[in-house]
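Residue-level listing of the chains:
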Amino acid sequence: MSPLKLYSAPLSGNAYKIRLLLAMLGLDYELINVDLRAGENLTAEFLRLNPRGQVPVLVDGDTVIWDSLAILVYLARRYGDGEWLPTDIPGETQVMQWLAVSENELLYGLARARAVVLLKRPFNLEQCQAEGKAGLAVMEAHFAENAWLAAGKPTVADIACYPYVMLAPMGEISLEPYPNVRQWLTRVEALPGWVTMEV
Ligand SMILES: N[C@@H](CCC(=O)N[C@@H](CS)C(=O)NCC(=O)O)C(=O)O
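As the structure is a computational prediction, the values presented were derived from the model and not from experiment.

Trainee: Can you help me understand the overall build of the chain in this one?
Mentor: Tallying secondary structure elements over the chain gives seven helices and four strands in all. Along the chain, helices (α) and strands (β) appear in the sequence β-α-β-α-β-β-α-α-α-α-α when read from the amino end. Computed over the C-alpha atoms, the radius of gyration of the chain is 16 Å, within 12% of the 16 Å expected from 2.2 N^0.38 for a compact globule of 199 residues. Its C-alpha atoms give the chain principal-axis dimensions of roughly 45 × 40 × 25 Å. Looking at the chain as a whole, 47% of its 199 residues are labelled buried. Looking at the chain alone, contacts between residues at least 24 apart form 66% of all its contacts between residues at least 6 apart.

The following block contains the structure:
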């Protein structure tokens, strides 16, 4: 039996990042869906796993890791066989730059715009859309010259950025003006092991 357990939620783009990398690494794991609407993420039991009360959480034997980016780094180092997270200074630094974009423009922009439309979350839609579009513009310019976000190959940077870019239209942000970004989405979807978000 696999020692890996993933606490996830079907609508969570952050949890989808982890499902993607686990699938691409060919790792078996137990999927535990946490009902966020029912507050299962706020029980004492769950808060012992993640004091922030959020999915995703990965359990690997005795090791518990919360936050999607930390989990991506853990999986890449522990199971990635030198792939997915470069160890050379330029490669690792480039990955960190794009992880920062994923946690800023993409999360506070694209993901929150989707949360307003889908879940009626109380953020300012126009402000989220503007921030998301700023992130997309930076990516569009990058992909004019590069096939991947960092190190000239697929890395955890691509996995971290992919879900909320792919889901941007759900936040009423069209991807039409970003052809290079759309081509990159297609490249990610062609990677061996890619899975859809639906569970
Ligand atoms: N920075 C965190 C964000 C995690 C996060 O926001 N998770 C959401 C689901 S996408 C969550 O569990 N929210 C709890 C709630 O909605 O009450 C990460 O990357 O893991």
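Trainee: Quick question: what am I supposed to make of the sheet that holds strand β2 (residues 30-33) here?
Mentor: Backbone hydrogen bonds hold the strands of a sheet together, and the pairing may be parallel or antiparallel. Within the open sheet, the four strands sit side by side as β2-β1-β3-β4. Their pairing is mixed. Of all the strands in the sheet, just β2 and β4 (63-66) have a single pairing partner and so form its edges. Going across the sheet, the axis of each strand differs from the next one's by a mean of 15 degrees, ignoring polarity. Inspection of the sheet shows strand β1 (residues 4-8) paired to β2 by four bridges, in the parallel sense. Paired with tyrosine 7 across the bridge in β2 is isoleucine 32. The sheet contacts of helix α1 (residues 13-24) involve β1 and β2, and relative to β1 the element is tilted by about 150 degrees.

Trainee: How do you make sense of the packing of aromatic side chains when you look at a structure like this?
Mentor: Two aromatic rings are characterised by how far apart their centres lie and by the angle between their planes. According to the stated counting rule, one finds four aromatic pairs in the structure shown. Measuring from centroid to centroid gives 6.0 Å for tyrosine 7 and phenylalanine 46, while their planes differ by 70 degrees, and the two rings are edge-to-face. Placement of tyrosine 7 in strand β1 and of phenylalanine 46 in helix α2 (residues 44-49) is noted, with a sequence separation of 39 residues between them. Each of the two residues, tyrosine 7 as well as phenylalanine 46, counts as buried. Ring geometry for phenylalanine 143 and tryptophan 184: centres 5.1 Å apart, planes at 20 degrees, overall stacked. Residue phenylalanine 143 is found in helix α5 (residues 125-143), and its partner tryptophan 184 is found in helix α7 (residues 179-189); the two are separated by 41 residues along the sequence. Tryptophan 184 shares its class with phenylalanine 143; the two are buried. Taken together, Tyr16, Phe143, Tyr162 and Trp184 form an aromatic cluster joined through their ring pairs.

Definitions and limits used
Residues numbered from 1 in each chain as written. Predicted model: local features only at pLDDT ≥ 70, side-chain atom pairs only at ≥ 80, totals over all residues. Heavy atoms only, no water. Helix = DSSP H or I, 4+ residues; strand = E, 2+ residues; numbered from the N terminus. Rg over C-alpha atoms; globule rule 2.2 N^0.38 Å. Buried < 20%, exposed > 50% of the residue type's maximum accessible area, 1.4 Å probe, protein only. Contact = heavy atoms within 4.5 Å. Pairing = 2+ DSSP bridges. Axes fitted to C-alpha atoms, helices over the stretch in contact; angles between N-to-C directions. Phe/Tyr/Trp six-rings, centres within 6.5 Å; stacked < 30°, edge-to-face > 60°.

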